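# Working through the structure, step by step
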Amino acid sequence: MTSPEWYASAALLWPRQVKNLDVKLDVAQRVAMRANSDEVIGIGSGSAAYLTLWAIGKRVASEGLRVTVIPTSYETEVAATTLGLPLTRLGQTTPAWSVDGADEVDPAGRLLKGRGGALFREKLLWSTSQHMVLAIDSTKRVERLGTKFPVPVEVHPNAVEPVAARLQDFGCREPLLRVSSGKDGPVITESGFLLLDAYFPEIPVGLNAKIKQLSGVLETGLFEGYQYEIVD
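In this text the structure is predicted, and so the values were computed from the model without any measurement.

## What to know about the nonpolar core
Counting residues in each nonpolar core, the largest one holds 33 residues, and the members touching the most others are Trp 6, Ile 43, Ile 56 and Trp 97. Listed by contribution, the elements that provide at least two residues to this core are α1 (21-32), β1 (39-43), α2 (47-63), β2 (67-71), α3 (74-82), β3 (97-100) and β6 (132-135). Tallying contributions element by element places α2 first for this core, with nine residues. In this view, Ile 43 contacts Ala 49, Leu 53, Ile 56, Val 69, Ile 70, Pro 71, Thr 72, Thr 76, Val 99 and Leu 125; residues no more than four positions away in its chain are not counted.

Right, here's the structure in full:
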């Protein structure tokens, strides 16, 4: 079967089904039109960011733009390399702007992210970008965070059990270690940590800060207090 055009690498086939693909492709192409020569652009994780990276790569190939990207995940790093886009990393430079997606967005602008598992690198990107673009489709808007997805918690392997116990003290009804579908054992993040998926009946403001105070926690998938522009 012929791979879709947006498979940037034959070795990196995105999941066979991307929900709302037509909408996401349209959003990605509109965001990619913002790219200018000699810019450094941050690329988040997930399908929306991946498709935007692909659309930027198409513009680079057809228009001769000179763009450097900062990827936050292994999959976007592989895709960027295949597309011929030079890479840099946070700490070496600051992105002019960045694009990322979200799993859920509530009316207050809080985000739930992390199904891709690159929590620490994503938050580092969000904290240092001069401008953030959130590329989403309408299904990402919810009235209450946690409606569809748990809160991912990136945790050191030695701290899984004590952190899971403390999450229950915070009201989590079920903290589960995320396991891989492509190998035996748990998912390992870009930072070498593991992921606990924490199911909360309510996600109050400030929960991110409480969880991050726990020894062994690197990051959470709760994004609070960030400024961004939505493109949908």
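## Quick notes on the side chain of Glu 154
Within the fold, Glu 154 resides in strand β7 (residues 151-155). Buried and without a salt bridge, Glu 154 has Arg 121 as its closest oppositely charged side chain, separated by 8.7 Å. Engagement of the side chain of Glu 154 in a polar contact is seen with the backbone nitrogen of Phe 120, the distance being 3.1 Å. Once residues within four sequence positions are removed from consideration, Glu 154 is found in contact with Gly 117, Leu 119, Phe 120, Thr 189, Ser 191, Phe 193, Leu 194, Leu 195, Gly 216, Val 217, Leu 218 and Glu 219.

## Let's talk about the packing of aromatic side chains
Under the criterion given, the structure shown has five aromatic pairs. Seen from their ring centres, Trp 126 and Phe 223 are 5.4 Å apart, and the 70° between their planes marks the pair as edge-to-face. Here the residue Trp 126 occupies a position in helix α4 (residues 119-128), and Phe 223 occupies one in strand β11 (residues 222-223), the gap between them amounting to 97 residues. By relative accessible area, which is 4% here, Trp 126 ends up buried. Owing to a relative accessible area of 1%, Phe 223 belongs among the buried residues under this scheme. Summarising the aromatic geometry, the rings of Phe 223 and Tyr 226 are spaced 5.6 Å apart at their centres and angled 45° between planes, so their arrangement reads as tilted. Residue class for Tyr 226 comes out partly exposed when judged on its relative accessible area of 23%. An aromatic cluster of three or more residues is present, and its members are Trp 126, Phe 223, Tyr 226 and Tyr 228. Taking NZ or CZ as reference, Lys 123 lies 5.0 Å from the ring centre of Phe 223, over its face.

Scoring rules and cut-offs
- Residues numbered from 1 in each chain as written.
- Predicted model: local features only at pLDDT ≥ 70, side-chain atom pairs only at ≥ 80, totals over all residues.
- Heavy atoms only, no water.
- Core = buried A, V, L, I, M, F, W, Y, C linked by side-chain atoms within 4.5 Å.
- Buried < 20%, exposed > 50% of the residue type's maximum accessible area, 1.4 Å probe, protein only.
- Helix = DSSP H or I, 4+ residues; strand = E, 2+ residues; numbered from the N terminus.
- Contact = heavy atoms within 4.5 Å.
- Lys, Arg positive; Asp, Glu negative; His and termini not counted.
- Salt bridge = Lys/Arg side-chain N within 4 Å of Asp/Glu carboxyl O.
- Polar contact = N/O pair within 3.5 Å; in protein donor to acceptor, adjacent residues only side chain to side chain.
- Phe/Tyr/Trp six-rings, centres within 6.5 Å; stacked < 30°, edge-to-face > 60°.
- Lys NZ or Arg CZ within 6 Å of the ring centre and 35° of its normal.

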